Amino acid sequence: MHLAHSPCPNDTFIYHAWTSGLIDGAPATRLTFADIDVTNSACARGEFDVAKISYAALPHLGPEWRLLPAGGALGRGCGPLVLTGPGGLAGLEGRKVAVPSDRSTAFLLFNLWLRDLGSPDVAVEVVPFDQIMPAVRDGRFDAGLVIHEARFTYGEYGLESMVDLGEWWEGSTGAPIPLGAIVAKSHLDTDAITAAIRASLDYAWANPEASRAYVAEHAQEMSDDVCRKHIELYVNEFSRDLGEEGRSAVERLLGGGAELGLLPELRIPIP
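Being a predicted model, the structure only gives us computed values, none of them experimental.

1. As for the UniProt feature "binding site: substrate" (unreviewed entry) in the chain
Per the UniProt entry, the sites bearing "binding site: substrate" (unreviewed entry) are Lys52, Ile53, Ser54, Thr105 and Ala106 in this numbering. Annotated residues from the preceding list that form part of the lining of the largest cavity: these are Lys52, Ser54, Thr105 and Ala106. When you line up the elements, Lys52 lands in strand E3 (residues 50-54). What Lys52 contacts, discounting residues up to four positions off in sequence, is Ala4, His5, Asn10, Asp11, Ile36, Thr39, Gly71, Gly72, Ala73, Gly180, Ala181 and Ile182. Not counting the four nearest positions on each side in its chain, Ala106 is found in contact with Pro80, Leu145, Ile147 and Leu165.

Listed below in C-alpha cells is the structure:
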C-alpha cells in the first residue's frame, strides 16, 4: 500500500508506528514523503493509495476515493497566517502574495477572507512553503500565506502577521479549522486502514519517546521545541476521530467555498 504524507512533525508522529511495523496486523506500507501541494495534485491524478491532502482539495477528487475519519488535522488556534515585512501593510490591493498551494485549505481560507474584505485585486503565485518566508523577507513578495511551523518561526525572519486566518475563521463560524484530510482509494479496506491509523496514533501518545528521533530526522532542521509545539497543536482528538463537530466544520468550509464558486461540489461522503 503506497502511503504519502508530509515530513512535518504531526504526520511523522502519527504514522511512525504504522510505517515502522510496530502495529500488529496493520497493512504493509510503502511510504513517500511529499509536500501537501504534491499530494493534492497527485491524488487528483489517481496516484498513491492513501494520502494526506488539504481538505480544500477533496472536491477535486472523484468517487474512486474515500475520506477517512482518522489521521487528519483539524483544530483551533492553528490556522494559516498572512505575513508581511516589517511595518506591515495597510491592505493587499495590487500586492503580490506567495501561497503554498492553490488547492489548500489555507488558500481557500485566504480567498474567503479576501471576499470578506471586498475582494481586493491580488496577484498570487504558488511557492514551496519552506521558501515563502525568505521570499517575503527578501522583498520578492509583498506578503506570504504560511502554514504549519511557520507560525512559530516567522519572527526569526523579521516578518509580521497581518492576519491569523484561523482566528478569523473561528471568530466568524465558531468551528474548528479543517486543514489536512486523509484519503484512501475506495477499493481498499478503509476500515482496516482507519484502524491502523488509530492504533499508530494511540501508540504515539502512549510512547512519545519512541518516535522522537524519527520526527527530528525529518523535521527540516526544526528545533525540538518547535517540533513539540507543532505536534501539540496539530495532533488532537480530531486526529483520532473526525466526530460530529469535525464533520460539521468540513461541510461548512467546503460548502461555503462551493457557494462562492471557489470549489466544485463535494462528491465524496464525509464519514
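2. Some points on the nonpolar core
As a rule of thumb, soluble globular proteins bury nonpolar side chains together. Membership of the largest hydrophobic core comes to 53 residues, with the highest contact counts inside it found for Ile53, Leu58, Phe110 and Trp113. With 8 residues, the top contributor of residues to this core is helix H3 (residues 105-117). Viewed by domain, this core spans two of them, domain 1 (2-76 + 178-260) and domain 2 (81-173), each represented by three or more residues. Among residues more than four places away in sequence, those in contact with Leu58 are Ile53, Leu67, Ala181, Val183, Leu254, Leu266 and Ile268.

3. A few points about the environment of Pro9
Following the sequence through the fold, Pro9 ends up in helix H1 (residues 9-19). Residues Pro9 and Arg212 lie 203 residues apart in sequence; the distance between their C-alpha atoms is 9.4 Å. Leaving out residues up to four positions away in the same chain, Pro9 has contacts with Val215, Ala219, Met222, Cys227, His230 and Ile231.

4. A short note on the packing of aromatic side chains
Within the structure shown, the criterion is met by 3 aromatic pairs. Following the ring pairs from residue to residue traces out a cluster consisting of Phe107, Phe110 and Trp113.

Quick notes on the rules
Residues numbered from 1 in each chain as written. Predicted model: local features only at pLDDT ≥ 70, side-chain atom pairs only at ≥ 80, totals over all residues. Heavy atoms only, no water. UniProt positions renumbered as here; feature names shortened; annotations may be inferred. 1 Å grid on protein atoms, 1.4 Å probe; cavity = no way out; pocket = protein on both sides within 12 Å on 5 of 7 lines; lining within 4 Å. Helix = DSSP H or I, 4+ residues; strand = E, 2+ residues; numbered from the N terminus. Contact = heavy atoms within 4.5 Å. Core = buried A, V, L, I, M, F, W, Y, C linked by side-chain atoms within 4.5 Å. Buried < 20%, exposed > 50% of the residue type's maximum accessible area, 1.4 Å probe, protein only. Domains from an automatic or database assignment. Phe/Tyr/Trp six-rings, centres within 6.5 Å; stacked < 30°, edge-to-face > 60°.

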